[in-house]
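Now for the letters of each chain:
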Amino acid sequence: MKCRVCKGKAAIKIRRHNAAFCPEHFTEHAIRQVEKAIKDFDMIKPGDRLLLGVSGGKDSLALWDILTKLGYGVDGVYLELGIGGVDDHAYSDVSRRYCETFASNRGLKLEIVDLSTRYGFTIPEAATQTKRVPCSVCGLSKRYILNQAALDGKYDALVMGHNLDDEAATLMGNVLQWNTEYIGRQHPVLSASKDGLIRKVKPLIRLAERETAAYCVLNGIDYEVEECPMVEGNTGIKMKEWLNELEDRAPGAKHRFLFGYLERVSDRFATEQPELTICQSCGQPTTGATCAFCRLEIRMKS
Amino acid sequence: MKVVLRHPTREVEVDGLSTVSSVLKRLDILPDTVLVIRNGELLMSSEHLEPDDVIELRPVISGG
Ligand code: SF4
Ligand SMILES: [Zn+2]
Ligand SMILES: [Zn+2]
């Protein structure tokens, strides 16, 4: 197959667009998709100070590169979760190094928040102590700390590297359970709330994860290829596998599922949002008296 | 040819096949769930392979 733009040798085919691209025009295509998502959902306002959560994986590093090429000034924050690994592959260390190399090569600002020195525990310790699935304590910690980092740094928005597959998998998981409250909260732009939730935006929503990985390979961006050793029990992965089976038979299914929801259905779920109050311990917004992260922190100290 | 798989990293020998899509089919891998890489370049499913090629099948699904 030939590149849709220049008719040169194609490097990647995107079935849902029924198109193939050479490396140069694929890169251009990916950048345009991010630009379109930002515009369609009104994600970023001129002059916004942006903080991107980077993990060392393909999505966040591809996004940092693309936003920089689009002319946005974006700082990065990496959360050191203290996750070890198999065969001497220390997952968190290696991931952090990919972020540091990326940032220093391009003169970008990267902040590192170490869970263990700042809060006194690592994700493996928290999972053991609470007997919960690692991804569940990890997810709540990441949400909390990223929000805090964005508030502390007086940023206007927190940028996240969730891609089309991530968002479709989350929606699918919530629809299969009819978790209407979570369904109503799913949007590529979550507005700031007066009680301290920072605005959150997801500019990769039009790119599948194969495309962010291809973007990294074709643009010489080294990223953490190995999977997190604590991923066991992560329900999102199962959803992704099912959606990939569906996509294989009906290219474009994932996009139609997610964007059909966002464009035509999401309004109907939008009202079911719980009242937020202020956590009595840390001041971040929560639905109870003490937020989930503070409860975890207290548990880890006892 | 030699095929490098990830999660965890390991190598398998695949013989008697000459295209990327036939290798993926033999290993029961959906084409859209991996990138196929040879010498740093992405390969399309239709790409022809030589017996002494080394290709990496890099999964693109991630959890966290
Ligand atoms: S896979 Fe789970 S434990 Fe690992 S980084 Fe992702 S959310 Fe955290
Ligand atoms: Zn081209
Ligand atoms: Zn709190």
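Figured I'd write up the structure that's included with this text. Everything numeric here is computed off the predicted structure, so don't read it as measured data. (Residues numbered from 1 in each chain as written. Chains lettered and ligands numbered in written order. Predicted model: local features only at pLDDT ≥ 70, side-chain atom pairs only at ≥ 80, totals over all residues. Heavy atoms only, no water.)

### A closer look at the overall build of chain A
Argument step 1. Along the backbone of chain A there are 12 helices and 10 strands.
Argument step 2. The C-alpha radius of gyration of chain A comes to 19 Å, within 12% of the 19 Å expected for a compact globule of 302 residues.
Argument step 3. The C-alpha extent of chain A, read off along each of the three principal axes, is 65 × 45 × 40 Å.
Argument step 4. Every one of the 302 residues in chain A was classed for burial, and the buried ones make up 54%.
Argument step 5. For chain A, the proportion of contacts with a sequence separation of at least 24, taken over those separated by at least 6, is 69%.
Argument step 6. About 14300 Å² of surface is accessible on chain A, with carbon and sulfur atoms providing 50% of the total.
Argument step 7. Averaging the positions of the 41 positive and the 40 negative side-chain charges in chain A gives two centres separated by 4 Å. (Helix = DSSP H or I, 4+ residues; strand = E, 2+ residues; numbered from the N terminus. Rg over C-alpha atoms; globule rule 2.2 N^0.38 Å. Buried < 20%, exposed > 50% of the residue type's maximum accessible area, 1.4 Å probe, protein only. Contact = heavy atoms within 4.5 Å. Areas by Shrake-Rupley, 256 points an atom, 1.4 Å probe, with all protein chains shown as cover. Lys, Arg positive; Asp, Glu negative; His and termini not counted. Charge placed at Lys NZ, Arg CZ, Asp CG, Glu CD.)

### A closer look at the interface of chain B and chain A
Argument step 1. Contact with chain B, which involves 22 residues of that partner, is made by 30 residues of chain A.
Argument step 2. Buried area between chain B and chain A, summed over both chains or domains, comes out near 2200 Å², and the portion from carbon and sulfur atoms is 54%.
Argument step 3. Among the residues chain B hides against chain A, the three largest losses belong to Asp 32, Leu 42 and Met 44 of chain B. Together they make up 28% of the total.
Argument step 4. Along the contact surface separating chain B from chain A lie four salt bridges.
Argument step 5. For Arg 210 of chain A, the salt bridge is made with Asp 32 of chain B, and the minimal N-O distance between the two is 4.0 Å.
Argument step 6. In this assembly, chain B and chain A are joined by 12 residue pairs in polar contact (both at pLDDT 80 or more).
Argument step 7. Counting residues per element, the side of chain B that touches chain A draws most heavily on strand β3 (residues 34-38) of chain B, at three residues.
Argument step 8. Grouping the constituent residues of the side of chain B that touches chain A by class yields 11 nonpolar, seven polar and four charged. (Buried area = accessible area lost by both parts, 1.4 Å probe. Salt bridge = Lys/Arg side-chain N within 4 Å of Asp/Glu carboxyl O. Polar contact = N/O pair within 3.5 Å; in protein donor to acceptor, adjacent residues only side chain to side chain. Nonpolar A, V, L, I, M, F, W, Y, C, P; charged D, E, K, R; others polar.)

### Some thoughts on the coordination of the zinc ion (ligand 2)
Residue and element names in this part refer to chain A.
Argument step 1. Only Cys 3 (SG), Cys 6 (SG), Cys 22 (SG) and His 25 (ND1) from the protein coordinate the zinc ion (ligand 2), and they sit 2.0 to 2.3 Å from it.
Argument step 2. Around the zinc ion (ligand 2), the four donor atoms sit at angles spanning 95 to 114°, and that spread fits a shape best called tetrahedral.
Argument step 3. All donor residues of the zinc ion (ligand 2) come from one chain, and their arrangement in sequence is C-x2-C-x15-C-x2-H. Of the two residues, Cys 6 is situated in the segment before β1 (12-14) and Cys 22 in the loop between β2 (19-21) and α1 (23-40); the sequence distance between them amounts to 16 residues.
Argument step 4. In this structure Cys 22 comes out as buried when scored by relative accessible area, which is 8%. (Donors = N, O, S within 2.8 Å, 3.2 Å for Na, K, Ca; no water. Tetrahedral: all angles 85-135°; square planar, octahedral: opposite > 155°, others 65-115°.)

### Considering the packing of aromatic side chains
Residues and elements named next belong to chain A.
Argument step 1. One pass over the structure, following the stated rule, counts six aromatic pairs over all chains.
Argument step 2. The interplanar angle of 25° and the centroid separation of 5.4 Å between the aromatic rings of Trp 64 and Phe 102 together place this pair among those described as stacked. Of this pair, Trp 64 sits in helix α2 (residues 58-69) while Phe 102 sits in helix α3 (residues 91-106), and the two are 38 residues apart along the sequence. Residues Trp 64 and Phe 102 agree in their burial class; the two are buried.
Argument step 3. Both rings, one in Tyr 261 and one in Phe 269, keep their centres 6.5 Å apart while their planes meet at 50°; by these two values the pair is tilted.
Argument step 4. Of the residues examined, Phe 269 reaches a relative accessible area of 15% and is grouped as buried.
Argument step 5. Following the ring pairs from residue to residue traces out a cluster consisting of Tyr 119, Phe 121, Tyr 144 and Phe 293.
Argument step 6. Note that Arg 206 overlies the ring of Phe 259, its terminal NZ or CZ placed 5.5 Å from the centroid. (Phe/Tyr/Trp six-rings, centres within 6.5 Å; stacked < 30°, edge-to-face > 60°. Lys NZ or Arg CZ within 6 Å of the ring centre and 35° of its normal.)

### Observations regarding the sheet that holds strand β8 (residues 199-201) of chain A
Residue and element names in this part refer to chain A.
Argument step 1. With mixed pairing, the six strands of this open sheet are ordered in space as β5-β4-β3-β6-β8-β7. Both outer strands of the open sheet, β5 (110-114) and β7 (189-190), are each paired with one neighbouring strand and no more.
Argument step 2. The sheet contact formed by strand β3 (residues 50-54) and strand β6 (residues 157-159) spans three bridges and is parallel. The residue bridging Leu 51 from the neighbouring strand is Leu 158, located in β6. (Pairing = 2+ DSSP bridges.)

### Digging into the coordination of the zinc ion (ligand 3)
Residue and element names in this part refer to chain A.
Argument step 1. On the protein side, the zinc ion (ligand 3) has Cys 279 (SG), Cys 282 (SG), Cys 291 (SG) and Cys 294 (SG) as donor atoms, found 2.3 to 2.4 Å from it.
Argument step 2. Bound by four donor atoms, the zinc ion (ligand 3) shows angles of 104 to 117° at the metal and therefore tetrahedral coordination geometry.
Argument step 3. For the zinc ion (ligand 3), all donor residues lie on one chain, and their spacing in sequence is C-x2-C-x8-C-x2-C. In this pair, Cys 279 sits in the loop between β9 (277-278) and β10 (285-286) while Cys 291 sits in the loop between β10 and α12 (292-301), placing the two residues 12 residues apart along the sequence.
Argument step 4. By relative accessible area, which is 4% here, Cys 291 ends up buried.

### Examining α1 of chain A
Residues and elements named next belong to chain A.
Argument step 1. Between its first and last C-alpha atoms α1 spans 26 Å; for 18 residues at 1.5 Å apiece the expected length is 26 Å, and the two agree.
Argument step 2. Within α1, the full set of buried residues consists of His 25, Phe 26, Thr 27, His 29, Ala 30, Ile 31, Gln 33, Val 34, Ala 37 and Ile 38.
Argument step 3. Close packing links the buried residues of α1 with β1, β2, α2 and α9 (209-218).
Argument step 4. Of the residues trailing α1, Asp 42 is marked for its positive phi of about 50°. (Expected span 1.5 Å × (residues − 1).)

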